Amino acid sequence: MKGKLILEDGSVYTGDLLNEFTSTGEVVFNTGMTGYQEILTDPSYCSQIVVLTFPLIGNYGVAEKFMQSRKSFVNGFVIGELCHDGSNWQKENELAAFLNDQKIPCLYNVDTRAVTRKIRSVGCMKGIIVSEDAPRSEIDKLMAVPIKKDVVAEVTTGEKYVMENDGPDVVVMDFGIKQNILNSLHNLGCRLTVVPADTSAQEVLAMNPQGIFLSNGPGDPKDLPGVIEEIKKLIGKKPMFGICLGHQLISLALGADTYKLKFGHRGSNQPVKNLLNGRVHISSQNHGYAVDEKSLAGLPLEVTHLNVNDGTVEGVRHTSLPLFSVQYHPEASPGPDDNMYLFDQFWAMLTNEAKGE
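Please read all numbers here as calculations on a predicted model, not as lab measurements.

**Digging into unusual backbone geometry**
Then, number 1: The phi dihedral of Ser47 falls on the positive side, at around 75°, and the residue is not glycine.
Then, number 2: If you trace the backbone, Ser47 turns up in the loop between α1 (36-40) and β4 (48-52).
Then, number 3: Unusually for a residue other than glycine, Asn109 sits at a positive phi of about 60°.
Then, number 4: As for its position among the elements, Asn109 is in the loop between β8 (106-108) and α3 (112-122).

Written out as structure tokens, the structure is:
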């Protein structure tokens, strides 16, 4: 079946539909050459239509071990070539079957680089996936669907759960956490108590953790004023580490500002400079918002990392408290191990706290 991606500025990109599902969402692009299953199951893409620039997708299939969440939360998938016969020793199923099982609208045989050029020049915008012969009434109805704002509530865990271990107790505030982040913290030795996004500061502190972790997640951080207020109550109580949305929420809680990027950073090839030692690392990123560096003036936060491409803030740390955060994803290991030192840094904070230092 023929289909098309229609952007809200009227641009149309044609291709073939894998299934009969239609969708509305913010259209974003990712430049990674691998990791399509991790992208599809990253909760930070909730309600978005994801366009991949790399043309060969599905060539190594899918497997349960690469799932980053309980299901996919994307609203659509737009790709170049869809491989129906993937080959890999870990493969358990074909990508096409996964997309159908997850009810993800998929448009393939699309010139995805043309879509990307449009987004880079105009900015992210709403789009829809429909069949080629969709009536005007259906197109108008889908285009009128607003972009969701309560996305964290959709992706967070429904109830508290524990990942047992012998090391320091860490409360993980789940705003849409990736499984690889949990695995990275657990592999350090941390005992993790994962709690829903709306858990109060009082409830967190009642667990008497040795540290607090704020996760990644979807959407505009300013859509979470209640969460920001609870984070304010946690700052200074325990060592704290945040990634992606967690980084933005920490910054907002300490008085900084955030803004929406024109087309975001989404890919596994983003160079980040560590200002503390001058090294440049390759990072994996997935975010549409950034911390405003100018808003940090006069605050007890210093910039620790910058994006080499556009100079945006990629990391901050508190000037006196055991608190730091990064905008990018160290657990995704595109370097492959360039950024794992950040988890070691958190571990050092936790163990010093345990010793009372």
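**Some details on the environment of Ile235**
Then, number 1: With respect to the helices and strands, the residue Ile235 is situated in the loop between α8 (225-234) and β14 (240-243).
Then, number 2: On a C-alpha basis, the gap between Ile235 and Thr41 in space is 30 Å, while along the polypeptide they are 194 residues apart.

**Focus on the environment of Lys232**
Then, number 1: Relative to the assigned elements, Lys232 resides in helix α8.
Then, number 2: Considered as a pair, Lys232 and Asp174 are 58 residues apart in the sequence and their alpha carbons are 17 Å apart.

**Examining the nonpolar core**
Then, number 1: By size, the foremost hydrophobic cluster in this structure holds 40 residues, and its most contacted members are Leu5, Phe77 and Leu95.
Then, number 2: Beyond its immediate sequence surroundings of up to four residues, Leu5 is in contact with Ser11, Val12, Tyr13, Val27, Ile49, Val78, Leu107, Val115, Ile128 and Ile129.
Then, number 3: The next biggest cluster of nonpolar side chains, apart from the first, holds 31 residues, and it includes Ala201, Leu214, Leu252 and Leu301.

**Details of the environment of Glu203**
Then, number 1: Looking at where Glu203 falls in the secondary structure, it is placed in helix α7 (residues 201-206).
Then, number 2: What makes Glu203 partly exposed here is its relative accessible area of 44%.
Then, number 3: Here Ser200 takes part through its backbone nitrogen, which lies 2.9 Å from a polar atom of the side chain of Glu203.

**Some remarks on the packing of α8 against helix α9 (residues 245-253)**
Then, number 1: In the contact formed by α8 and α9, the axes pass within 9 Å of each other and the chain directions differ by 70°. With respect to each other, α8 and α9 are oriented roughly perpendicular. Residue-level inspection shows Val227, Ile228, Ile231 and Lys232 of α8 in contact with α9, the latter providing Leu249, Leu252 and Ala253.
Then, number 2: Here the residues of the contact of α8 with α9 sort into six nonpolar, no polar and one charged.

Calculation rules
Residues numbered from 1 in each chain as written. Predicted model: local features only at pLDDT ≥ 70, side-chain atom pairs only at ≥ 80, totals over all residues. Heavy atoms only, no water. Helix = DSSP H or I, 4+ residues; strand = E, 2+ residues; numbered from the N terminus. Core = buried A, V, L, I, M, F, W, Y, C linked by side-chain atoms within 4.5 Å. Buried < 20%, exposed > 50% of the residue type's maximum accessible area, 1.4 Å probe, protein only. Contact = heavy atoms within 4.5 Å. Polar contact = N/O pair within 3.5 Å; in protein donor to acceptor, adjacent residues only side chain to side chain. Axes fitted to C-alpha atoms, helices over the stretch in contact; angles between N-to-C directions. Parallel < 35°, antiparallel > 145°, perpendicular 65-115°, else oblique. Nonpolar A, V, L, I, M, F, W, Y, C, P; charged D, E, K, R; others polar.

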